[in-house]
Amino acid sequence: MSVRHSRRVPSLATIIGAIVVVAAMAIGAPAGSAAASGHSDRHHRAHDVDRKVRLNQIQVIGSHNSYHQILDPSELQLRRDNLAKPAEDMLEYTAAPLPDQFQSQKVRQIELDVWLDPAGGKYANPLIRAATNGGPYDPVMSTPGIKVFHVQDVDYRSSCLTLKICLTQVKQWSDAHPSHVPIAILTELKDDPLVFPPFNFVVPDPWATTPGAMDSLDNEIRSVFQSSDLITPDDIRGHRRTLESAVLDKGWPTLRKSRGKVMFLMDNAGAKRKAYLQGHPSLDDRVLFTNANPGDPDAAFVERNDAKGSGADIRSLVQRGYVVRTRADADTLEARNNDTSTRDAALASGAQWVSTDYPVPNYGFDFMTSYFAQIPGGTVARCNPVNAPRRCVSALLEVGRHPR
């Protein structure tokens, strides 16, 4: 009797399951490899950008008077009652706290107005605050040290009242985001008196003639930032005789060498620049890059705020190797008129820092406007339209942690 060995026939479900598994293996492996390949390629390109693109070959948005806050309603009304509308309109803009500007508004250059107050208390009782019974001001204004605000007595509100407080906010954000492109901090040394009899406004200490004033500015900056956090004139000059020759011949550091760092710029020219340079030729052992002109030994940073009138000059300066700050708008005029012509000229000029009071939409105070200034494409930074190398990729200039 023969014995027949029966074979088990797989069910339809088993056959379909096997097909799915095999297909998944066949399709999934290449997909995974493609994803890995794509990630590797992006990593390679980011590494290439870090090594090839220099600090002066990108463009970012900056904010003007980055600390500025609107007066409270009673103070604002009093000032409106006593100041002509065009002058008042110039003062009615506001800025987000510095960390919010970096995090949410894609700002990578800020501006701080700095006032000497070595004994403390000089600006502790603003006149307009006293006139509206505003009560005691923040006690930090009674402590010695440089203060940050716009105009004594009449436009005094600030999101960070002292230079050290402002810089500490920058430092904390920078430490938490170490791959950011360099942040530039433009400082305007303020000491203009207000003469409007019969009002008695505070008389500021003059920066250019007060002994030790310029050293105190450097010292306060260095009390917050370590040397490894800073890009200074000494770093750029190296062994060259002048800062200008280093900038024009050697150039600026790459992004790889400057990520996570800050640099300081001086808005002022004239007597204040001269006082800052005294005893420090070509900015030897100084922190700030001065606002100089081509041909000056300290020329590296140049300010050209009239983007429409100076467009050709700015492009030439950028091509030669200088870094330039210009403005997209001023005195709230462009925003009130929805006029983008200056903004567009500023961006096209190649200036590395394009400053605005309106880094995001719908930012007018007490008026509606569609005006704002941002980097085209919406990135934090973009390849400079005038001097960026061919391999620069705007989307890779700041995208989280970069390869080292």
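Rules and cut-offs
Residues numbered from 1 in each chain as written. Predicted model: local features only at pLDDT ≥ 70, side-chain atom pairs only at ≥ 80, totals over all residues. Heavy atoms only, no water. Axes fitted to C-alpha atoms, helices over the stretch in contact; angles between N-to-C directions. Helix = DSSP H or I, 4+ residues; strand = E, 2+ residues; numbered from the N terminus. Left-handed = near helix turned anticlockwise from the far one by under 90°. Contact = heavy atoms within 4.5 Å. Nonpolar A, V, L, I, M, F, W, Y, C, P; charged D, E, K, R; others polar. Buried < 20%, exposed > 50% of the residue type's maximum accessible area, 1.4 Å probe, protein only. Pairing = 2+ DSSP bridges. Right-handed = clockwise from strand over helix to strand, strands pointing away.

Novice: Explain the packing of helix α6 (residues 163–176) against helix α7 (residues 213–224) here, please?
Specialist: For any two helices packed against each other, the geometry is given by the interaxial angle and the distance between the axes. Running from N to C, α6 and α7 cross one another at 35°; their axes reach a closest spacing of 9 Å. Helix-helix and strand crossings are classified by hand; for α6 and α7 the assignment is right-handed. Along the contact surface, α6 presents Leu163, Lys164, Leu167, Thr168 and Lys171, while α7 presents Leu217, Glu220, Ile221, Ser223 and Val224. Residue composition of the contact of α6 with α7, by class: five nonpolar, two polar and three charged.

Novice: Even after reading the chapter, I still don't get helix α14 (residues 341–349), so can you show me in this structure?
Specialist: Helical geometry note: an α-helix holds 3.6 residues per turn, so side chains three or four residues apart project in the same direction. All buried positions along α14 are accounted for by Thr342, Arg343, Ala345, Ala346, Leu347 and Ser349. Packed against the buried residues of α14 are β1 (58–63), α12 (311–320), β8 (323–327), α13 (333–337), β9 (353–356) and β10 (381–383). Phi turns positive one or two residues past the end of α14, at Gly350, with a value near 90°.

Novice: Sorry, what's going on with unusual backbone geometry here?
Specialist: The general pattern is negative phi for most residues beyond glycine and trans for most peptide bonds. With an omega dihedral of 10°, the bond running from Pro197 to Pro198 counts as a cis peptide bond. With respect to the helices and strands, the residue Pro198 is situated in the loop between β4 (183–189) and α7. A positive phi angle, near 60°, is found at Lys106, a position not held by glycine. Summarising the element assignment, Lys106 is placed in the loop between α4 (98–104) and β2 (107–115). Accessibility expressed as a relative area gives 33% for Lys106, which makes it partly exposed.

Novice: Looking at this model, I keep getting lost on the pairing of strand β5 (residues 262–266). Mind explaining?
Specialist: A regular strand places its side chains so that they alternate between the two faces of the sheet. Summarising burial for β5: five of the five residues are buried, a large majority. Side chains of β5 alternate between two faces, with Val262, Phe264 and Met266 and Met263 and Leu265 buried alike. Taken together, the five bridges between β4 and β5 define a ladder with parallel strand orientation. Its bridge partner lying in β5, Thr187 is registered against Met266. For the segment spanning β5, helix α11 (residues 270–277) and strand β6 (residues 288–289), crossover handedness is right-handed.

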